[in-house]
Amino acid sequence: MQPMDEIYQTYARTVYKYLLLKIHNENIAEELTQETFYQAVKSIDRFDGSCKLSTWLCAIDKNQLLAYQRKHPIEESIDDYENLPGTSVEAEVFGQVRRVELMKKLHMCPEPFREILYLRIFGSLSFKEIGEIMGKTENWARVNFYRAKERLKKEMDKNE
């Protein structure tokens, strides 16, 4: 087993990017990354090696995210959008119609396509990092991203 500081150096960026993708807040993503590694240190004796270390960390990561989301449900108000500089609520809504349609299609993609698309597009993760997170190979991530992208294109073309 690697020392924990090496584990942190190897996987912290991947954990952080995954959290940032899900939570869209750099400070919270950083805080949850630290909490993930804190929990990993506390429970390292339970890591039995039956999966990759990155997979085990991602499981802790997801649990930390779920715990955070339970404690802090999303509460957005229309007023939050009215105060954006140079925009109105109407302009924001009309400007996002195509984006919303794309996000709906993306959300309806079956797993693992949806997760791969999120990690690649919004998380800016490499195929190697996606493979590690998903417990698969880099090539598996690359092939499934291509398939997911093609499927999404077909869905978007149906609406035009």
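Provided above is the structure to which this section pertains.
Being a predicted model, the structure only gives us computed values, none of them experimental. By convention here, each chain's residues receive numbers from 1 onward along its written sequence. This being a predicted model, a pLDDT of at least 70 is required before a residue's local features are given, and a value of 80 or more before pairs of side-chain atoms are given or counted; all residues contribute to the totals for chains, interfaces and linings. Water and hydrogen atoms were dropped before computing side-chain values, which therefore reflect all heavy atoms in the structure.

Undergrad: In this structure, what is going on with the packing of helix H8 (residues 127-134) against helix H9 (residues 138-158)? I would like to understand it.
TA: Helix-helix packing is described using two parameters, namely the angle between the two axes and the distance between the axes. With axes taken as lines fitted to C-alpha atoms, and helix axes fitted only over the stretch in contact, angles between N-to-C directions fall between 0 and 180 degrees. Elements are defined by DSSP. Helices are runs of H or I of four residues or more, strands are runs of E of two residues or more, and each kind is numbered from the N terminus. Between H8 and H9, whose axes approach to 7 Å, the crossing angle comes to 105°. The angle between the axes of H8 and H9 places the two elements in the roughly perpendicular class. Packed against H8, whose contacting residues are Phe127, Lys128, Ile130, Gly131 and Met134, the element H9 presents Glu138, Trp140, Ala141, Arg142 and Phe145 at the interface. Considered class by class, the residues forming the contact of H8 with H9 number six nonpolar, one polar and three charged. Should an angle lie under 35 degrees it is considered roughly parallel, over 145 roughly antiparallel, and from 65 to 115 roughly perpendicular; all remaining angles are considered oblique. The contact criterion used is simple: two residues touch if any of their non-hydrogen atoms lie within 4.5 Å. Residue polarity is assigned by list, with Asp, Glu, Lys and Arg as charged and Ala, Val, Leu, Ile, Met, Phe, Trp, Tyr, Cys and Pro as nonpolar; anything else, Gly included, falls into the polar class.

Undergrad: What's the story with helix H7 (residues 113-122) in this structure? I'm lost.
TA: Structural remark: α-helix, 3.6 residues per turn; residues separated by three or four positions point the same way. Whether a residue is buried, partly exposed or exposed follows from its accessible area with a 1.4 Å probe, protein chains only, as a fraction of its type maximum: under 20%, in between, or over 50%, in that order. By the burial criterion, the buried members of H7 are Phe113, Glu115, Ile116, Leu117, Tyr118 and Leu119. Positive phi appears at Ser124, one or two residues downstream of H7, with a value of about 55°.

Undergrad: Help me understand the packing of helix H1 (residues 4-23) against H7, please; the structure alone is not making it clear to me.
TA: Remark: H1 packs on H7, axes separated minimally by 10 Å, with the N-to-C direction vectors making an angle of 100°. On the basis of their axis angle, the class for H1 and H7 is roughly perpendicular. Of H7, the residues touching H1 (which contributes Tyr18, Leu21 and Lys22) are Glu115, Tyr118, Leu119 and Phe122. When its residues are assigned to classes, the contact of H1 with H7 shows five nonpolar, no polar and two charged.

Undergrad: Whenever I open this one, the side chain of Asn144 confuses me. Can you help?
TA: By the element assignment, Asn144 lies in helix H9. Here Asn144 falls in the buried class, since its relative accessible area comes to 8%. Asn144 has contacts with Phe113 and Ile116, leaving out every residue within four places of it along the chain.

Undergrad: What exactly am I supposed to notice about the environment of Lys52 here?
TA: Tracing the chain through its elements places Lys52 in the loop between helix H2 (26-42) and helix H3 (53-71). Linking Lys52 and Ile133, residues 81 residues apart in sequence, is a C-alpha distance of 9.2 Å. Filtering out sequence-adjacent residues up to four positions away, Lys52 remains in contact with Phe47 and Lys136.

Undergrad: Looking at this structure, I do not really get the environment of Ile133. What am I missing?
TA: With respect to the helices, strands and loops of the structure, Ile133 is situated in helix H8. Looking at Ile133, the relative accessible area reads 7%, which means it is buried. Distance from Ile133 to Ala59, taken between C-alpha atoms, is 9.2 Å for residues 74 residues apart in sequence. Not counting the four nearest positions on each side in its chain, Ile133 is found in contact with Thr14, Tyr18, Cys58, Leu119 and Leu125.

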